[in-house]
Amino acid sequence: MLAFYEFHKAYNGHTILRLPDFTINPGVYWIRGHNGAGKSTFLKTVAGILPFEGDITLDNQLTLKKHPTAYRSRVNFAEAEPIFPDFLTGTELIRLFKSAKQAPAQQEEQYVESMGMAPYVSDPISTYSSGMLKKLALVLAFLGRPRCILLDEPLTTLDADSLPVLFAWIAEQHQAGTMFLLSSHQELENDLLPNVRKIVVAGATLHHTV
């Protein structure tokens, strides 16, 4: 569960999002809104990447402001257009993330294999296409023992064969107790990812929908 208290995010004095008191219960959520509504900004603040006023509590225990390290260790984020150091290989970056997230040994293997990344994961990231970068970002987002995974435009640049793989990851991880917030301009296929709830970003606030 994520609870927002007096949450306020602004740029140059212009309010982007304001949530005096808002709760997102465990589940899989699709964040919807027009371009510029604040979807990516919202996910980045929840991830602890962008500063904001107020506070966010995870599972009634960890707050981003009071327990920043512990909070960030349990909240994972994948950017819409990931950028990684070109001089590293995918394997090296995975190793760094595993260490930071205290991930179990060999945890990444099932993700790398199911996404078909084995042939190139040890290559320099400078050789990766946008689709390969997206797959790497998704693998990193599932490492460790996250209680919440944030995926910004996870379907963009992902090939059709990889979509059911990603949805299977989400379903499995959600069943294990992880909540998900996904932003997407594309329709989410209900047969591949059932029981998705919607949250609409509009008018500098969020609204739960059926």
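Residues take numbers from 1 onward in each chain, read along the sequence in its written order. In keeping with the model being predicted, local features are shown solely for residues with a pLDDT of at least 70 and side-chain atom pairs are shown and tallied solely at 80 or more, while totals for entire chains, interfaces and linings include all residues. Where side-chain values are given, they derive from all heavy atoms of the structure, hydrogens and water being excluded.

**Things to note about the pairing of strand E10 (residues 205-209)**
Two faces make up the sheet, and in a regular strand the side chains alternate between them.
Inference 1: Sheet topology places strand E9 (residues 197-202) next to E10; five bridges connect them, and they run antiparallel. Pairing of Val201 across the sheet is with Leu206, part of E10.
Inference 2: In this antiparallel pair of consecutive strands, E9 and E10, the connection spans two residues, and Gly203 shows a positive phi of 60 degrees. A pair of strands is considered paired only if DSSP assigns at least 2 bridges between the two. Only DSSP runs of H or I covering at least 4 residues are called helices, and only runs of E covering at least 2 are called strands; the numbering of each starts at the N terminus.

**Looking at the pattern of salt bridges**
Any two side chains of opposite charge can pair, given that their charged atoms come close.
Inference 1: A carboxyl oxygen of Asp or Glu within 4 Å of a side-chain nitrogen of Lys or Arg is what we treat as a salt bridge. Within this structure, the stated rule accounts for four salt bridges.
Inference 2: Residue Lys135 is joined to Asp159 by a salt bridge in which the shortest nitrogen-to-oxygen separation is 3.3 Å. With Lys135 in helix H5 (residues 130-141) and Asp159 in the loop between strand E7 (148-152) and helix H6 (163-175), the pair connects residues that are 24 residues apart, well separated along the chain.
Inference 3: For each residue, the accessible area found with a 1.4 Å probe, counting protein chains only, is set against the maximum for its type, and the residue is called buried under 20%, exposed over 50%, and partly exposed in between. Judged by its relative accessible area of 12%, Lys135 is buried.

**Concerning unusual backbone geometry**
Inference 1: A positive phi angle is found at Asn12, which is not glycine, with a value near 50 degrees.
Inference 2: Looking at where Asn12 falls in the secondary structure, it is placed in the loop between strand E1 (2-11) and strand E2 (14-24).
Inference 3: We note that Asn60 has phi near 60 degrees; this positive angle belongs to a residue other than glycine.
Inference 4: Its place among the elements puts Asn60 in the loop between strand E4 (53-58) and strand E5 (62-63).
Inference 5: Overall, the relative accessible area of 57% leaves Asn60 in the exposed class.

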